[in-house]
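# Fold and geometry: a report
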Amino acid sequence: MKISRKSAAVAAVAASALALSACAGGSGDGNSDDGAGINDSESVNIAWNQPFYSYNGNSMTGNATANNVVLYLMRAGFNYYDEDLNLVQDESYGTYEKVSDDPLTIKYTYADTAGWSDDVAAGPADLLLEWVAQTGKYNNIEPVYDEETGEVTNQAEVDAGVYFDASSPGISLVTDVPVIEDNSITFTYSKPFADWETAISPNLPAHVVGQRALGIEDATEASDAVVKAIQDGDVASLQKIANVWNKDFNYAELPDDENLYLSSGAYVMTDFVKDQYVTLKANEKYKGEHKAGIDQVTIRYNGDPMGQVQALQNGEVDLINPQSTADILSAVSALDGVKVESATEGTYEHVDLQFSNGGPFDPINYGGDAEKAKKVRQAFLKTIPRQQIIDNLIKPLNPDAEIRNSYTTVPGSPAYDDIVAANGQSQYDEVDIEGAKALLAEAGVTSPVSVRLLFDPNNTRRVNQAQLITESAALAGFTVAPYQVQTDWGTDLSNAKSFYDAALFGWQSTSTAVTESDANYRTDATNNHYGYSNPEVDELFNQLQTETDPAEQTRLLGEVEKHLVDDAFGVTIFQFPGVTAWNESKISGVKPLTIAPGIFYGFWDWKTGNAEASK
């Protein structure tokens, strides 16, 4: 299997370090089934917009909302966000404590109740494996990507070397091998890191990786061998471990080997039909506090928002969170027995531009003149009708909707106004066709500029936005055409960089960490798909990593954003208006979270039927 850079952005949203249908046979669980994976016995069916494709949600390939909402139901960890976005330790999985501030030292201790669904205990080896993957300490080769196809051109060399398909600015500060003692593991940072509580999370079972990579059958011996390879810097073993970590846990249907979908949390995967649905059952081996509220959850895939509404009406699904439009809100509000909630979500819409793909915004088209390329980028951004998009598409859902003018901070947060005042993005609040024409003239551009726009063609709201952008940009001399999706738009975002020039999609927050945006704008970072590089931005993020004073964090983010505006990186547009709807007779206890995992939050409080009405 080849390595390729799949985007952390999928379908309507993205998961960053910040985190993208036909019927089939029965679920095979012995309960009543209608032949389409729909089970009515102590079960709930949820619509989602993009299929699961990787169990390794912490890799660059697998770091996507489509994967991580499923893994949220299957994985336990040291902490989680509550409904008020407080970070809470899950002591039934383990605890952690700051042992020292200088140097920053964090000790994680696993609880006796932490374990995998194959009866193997979870432990320090699992977190050590994640450290070696995220730190890149032993990487001795990097993939080289074909600019047109996105495929790796040196695959043989990558397979023969040590390369983990991962990156973490925070964990890269843990340069020494963490120390294991009994059921604890201690991380020592080379310098302070503001977001250490969210820097690392348990991911893959070390014993399974060891079994597959090193050919060791016994789980304990396999886990110990992984630890020894890391501690010794054993390149030969690490090469095999990295290959398994990168590749073996990526799949689009249920694998034959059950070890590839073990659970450490409330649910375990029991069925997965490609592009159709994935079914999860309550994990009988789970001993933690967040036990499954409903015995079975089936996530059914449908990328069409109105199709999700129709499925809810038909009783095919019980809970939906489609990307909303006025038509969607009207349609769900008209359904009998359906509870509807509409609120602002932790996702924002934006347009990003390519800097190094040979397209219209790349200096190579202007004899290497970076200033001319920047003027063309600025000209295009001046044509994006942000206010019209909000007026036409968002205000029918949220009358108070306004332009979002920050790349890193949610409107209404304490730092938002100061960051917006510093960044200067408000210059793009109004369309300026004459200003765009003047910039093109300054760049010496006399003929129409062709711009290939990447967006999800199945998403009604994105299609409408693209049409408004196309019409406005044409007035200044830009010919905007939809990029023709090759695989799926989320994958093409990173794999087909030479074929599109601008991308229209959304980023979803996965935490409240101040360094969350690092992965989007740092040179060669996980979510920077555009060849954008500014050494001053990189240095500001270096400073932000160690800064704990909120006022100074605000200042640093303001400086980062001013560079993004000055470099014409792209524009932000609006905060998502969210619509969640569910069948009250089938499920209660739904409490959508504004950050990922959204509607899947609080699954331990879900009940079948209208439990609240029956009280």
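Residues numbered from 1 in each chain as written. Predicted model: local features only at pLDDT ≥ 70, side-chain atom pairs only at ≥ 80, totals over all residues. Heavy atoms only, no water.

An α-helical turn contains 3.6 residues, so any two residues separated by three or four positions project in the same direction. Listing the buried residues of helix α7 (residues 305-313) in full gives Pro305, Gly307, Gln308, Val309, Ala311 and Leu312. Residues of α7 that are buried sit in contact with β3 (43-48), β13 (319-320), α8 (326-333), β14 (338-353) and β18 (570-583). Residue Gly315 follows α7 closely and has a positive phi angle near 80°. (Buried < 20%, exposed > 50% of the residue type's maximum accessible area, 1.4 Å probe, protein only. Helix = DSSP H or I, 4+ residues; strand = E, 2+ residues; numbered from the N terminus. Contact = heavy atoms within 4.5 Å.)

So, about the packing of aromatic side chains. Scanning the model with the defined rule gives 30 aromatic pairs in all. Ring geometry for Tyr521 and Phe569: centres 5.2 Å apart, planes at 80°, overall edge-to-face. You can see Tyr521 sitting in helix α15 (residues 518-521) and its partner Phe569 sitting in the loop between α17 (550-566) and β18, a full 48 residues away along the chain. For the pair Tyr521 and Phe569, a shared accessibility class is recorded, and that class is buried. A centroid spacing of 5.7 Å and a plane angle of 80° characterise the contact between Tyr530 and Phe569, whose relative ring orientation is edge-to-face. Separated by 39 residues along the polypeptide, Tyr530 in the loop between α15 and α16 (535-546) and Phe569 in the loop between α17 and β18 bring together distant segments of the chain. Classification of Tyr530 as buried rests on a relative accessible area of 1%. Given the relative accessible area of 1%, Phe569 is considered buried. (Phe/Tyr/Trp six-rings, centres within 6.5 Å; stacked < 30°, edge-to-face > 60°.)

In this section: the environment of Gln310. Its location among the elements puts Gln310 in helix α7. Along the primary structure Gln310 and Ala331 are separated by 21 residues, whereas in three dimensions their C-alpha atoms are 8.8 Å apart.

So, about the pattern of salt bridges. This structure, assessed with the given rule, holds 22 salt bridges. Between Arg212 and Asp248 there is a salt bridge, and its shortest N-O distance comes to 2.8 Å. Note that Arg212 is positioned in helix α4 (residues 206-214) and Asp248 in the loop between α6 (235-247) and β10 (267-273), a separation of 36 residues in sequence. With relative accessibility at 22%, the residue Asp248 sits in the partly exposed group. For Asp318, the salt bridge is made with Lys586, and the minimal N-O distance between the two is 3.5 Å. Of the two residues, Asp318 is situated in the loop between α7 and β13 and Lys586 in the loop between β18 and β19 (587-588); the sequence distance between them amounts to 268 residues. Of the residues examined, Asp318 reaches a relative accessible area of 1% and is grouped as buried. (Salt bridge = Lys/Arg side-chain N within 4 Å of Asp/Glu carboxyl O.)

Take the confidence of the model for the chain next. Averaged over every residue, the pLDDT of the chain is 89; the share at 70 or more is 92%. Confidence drops under pLDDT 50 across residues 1-40; counting only partners more than four residues distant or on other chains, this segment forms 170 contacts. This stretch, residues 611-615, has a pLDDT under 50; its non-local contacts, to residues over four places away or in other chains, come to three contacts. (pLDDT = per-residue confidence, 0-100.)

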